[in-house]
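# Observations on the model geometry
So you can see what is in the structure, the chains are spelled out below.
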Amino acid sequence: QTNRRRPSGKQKRDVKLALSALQSALFNLWVGERIRDELVDQVIEGDVCRKREGGTFYSTDPKVDTERLQRGEIDVLGPMFGPKLFPAQGYALQREESLYENWGLDGDRRNALGKFWRGDRRPALLTPQNLTVKEAYTADKRNLYVSFILPAGSFATTLLGALIDPTQE
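Throughout what follows, the structure given in this document is the object of discussion. (Residues numbered from 1 in each chain as written. Predicted model: local features only at pLDDT ≥ 70, side-chain atom pairs only at ≥ 80, totals over all residues. Heavy atoms only, no water.)

So, on to the overall build of the protein. On a plain count of helices and strands, the protein comes out with five helices and six strands. Against the 2.2 N^0.38 benchmark of 15 Å for 169 residues, the protein shows a C-alpha radius of gyration of 20 Å, more extended than a compact globule. Taken along its principal axes, the extent of the C-alpha atoms in the protein is 75 × 45 × 30 Å. Buried residues in the protein amount to 29% of all 169 residues. Considering only contacts within the protein whose residues lie at least 6 apart along the sequence, 58% involve residues at least 24 apart. Summed over its atoms, the accessible surface of the protein is roughly 11800 Å², and 52% of this surface lies on carbon and sulfur atoms. Charge centroids of the protein, computed over 26 positive and 23 negative side chains, lie 12 Å from each other. (Helix = DSSP H or I, 4+ residues; strand = E, 2+ residues; numbered from the N terminus. Rg over C-alpha atoms; globule rule 2.2 N^0.38 Å. Buried < 20%, exposed > 50% of the residue type's maximum accessible area, 1.4 Å probe, protein only. Contact = heavy atoms within 4.5 Å. Areas by Shrake-Rupley, 256 points an atom, 1.4 Å probe, with all protein chains shown as cover. Lys, Arg positive; Asp, Glu negative; His and termini not counted. Charge placed at Lys NZ, Arg CZ, Asp CG, Glu CD.)

Below, the discussion takes up the layout of surface pockets. By volume, the largest pocket amounts to about 1100 Å³. In terms of lining, the largest pocket is formed by 27 residues, of which the most central are Asn28, Val31, Ala124, Leu126 and Thr158. Counting residues per element, the ones that place at least two in the lining of the largest pocket are α1 (9-36), β4 (120-123) and α5 (156-164). For the lining of the largest pocket, the leading source of residues is α1, giving seven residues. Across the lining of the largest pocket, the residue classes break down as 17 nonpolar, seven polar and three charged. Put simply, the second largest pocket is a space of about 200 Å³. (1 Å grid on protein atoms, 1.4 Å probe; cavity = no way out; pocket = protein on both sides within 12 Å on 5 of 7 lines; lining within 4 Å. Points joined across faces, edges and corners; volume = space filled by probe spheres on them. Nonpolar A, V, L, I, M, F, W, Y, C, P; charged D, E, K, R; others polar.)

All right, on to the packing of α1 against helix α3 (residues 90-102) then. The packing of two helices is summarised by the inter-axis angle and the distance between the axes. Their axes nearest at 11 Å, the elements α1 and α3 cross at an angle of 125°. The angle between α1 and α3 falls in the class oblique. As α1 packs across α3, the resulting crossing turns out to be right-handed. The residues of α3 that touch α1, namely those facing Leu26, Leu29, Trp30, Glu33 and Arg34, are Arg95, Glu96, Leu99 and Tyr100. Partitioned by chemical class, the residues of the contact of α1 with α3 number five nonpolar, no polar and four charged. (Axes fitted to C-alpha atoms, helices over the stretch in contact; angles between N-to-C directions. Parallel < 35°, antiparallel > 145°, perpendicular 65-115°, else oblique. Left-handed = near helix turned anticlockwise from the far one by under 90°.)

Under the counting rule described, the total for this entry stands at 11 salt bridges. Measuring nitrogen to oxygen at the nearest pair gives 2.9 Å for the salt bridge that ties arginine 95 to aspartate 37. A residue pair is termed long-range when its members are at least 10 positions apart, and arginine 95 in helix α3 and aspartate 37 in the loop between α1 and β1 (48-51) qualify at 58 residues. The partly exposed category is assigned to aspartate 37, whose relative accessible area is 30%. With its nearest N and O atoms 2.8 Å apart, the salt bridge here joins arginine 52 to aspartate 75. Note that arginine 52 is positioned in the loop between β1 and β2 (56-58) and aspartate 75 in strand β3 (residues 74-80), a separation of 23 residues in sequence. By sharing partners, the salt bridges in this structure join Asp65, Arg68, Arg71 and Glu73 into a single network. (Salt bridge = Lys/Arg side-chain N within 4 Å of Asp/Glu carboxyl O.)

Geometric descriptors of this kind do not, in isolation, establish any biological role.
What follows is the structure, encoded as structure tokens:
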């Protein structure tokens, strides 16, 4: 008989928080790879896409879907892994699996972690809503006031960083 203590509520929260950070980091790495490979504004075969005003689908014609993406009609959705993740197909799936393999997360490990999240997909690119920028001057400086709305799970600091320095990675 082992004398193991049950994890406290705080320990469970800490584990859940750490694994949630891993999930987000993998999504960010996925987006970073798309940027590095100049695919962030492109659709590739097997990408999971969502119509802005409708349902989710697989891209079977990347050329047509890239045009739709660039017109703002659809979004490419990146993986937030978990057991209910709507899987990519074809080349897009190969890229996702390669990312997981590089982190030692085979299917069994991802399924084991599934008790912490269900899995989801998020848009690779964000379009802030109600973006406004106003200038205000005082005697000795110029102030900028920025206002916008982002979807849940997004970070305002990332958007502000991109507005301040669009060349940052």
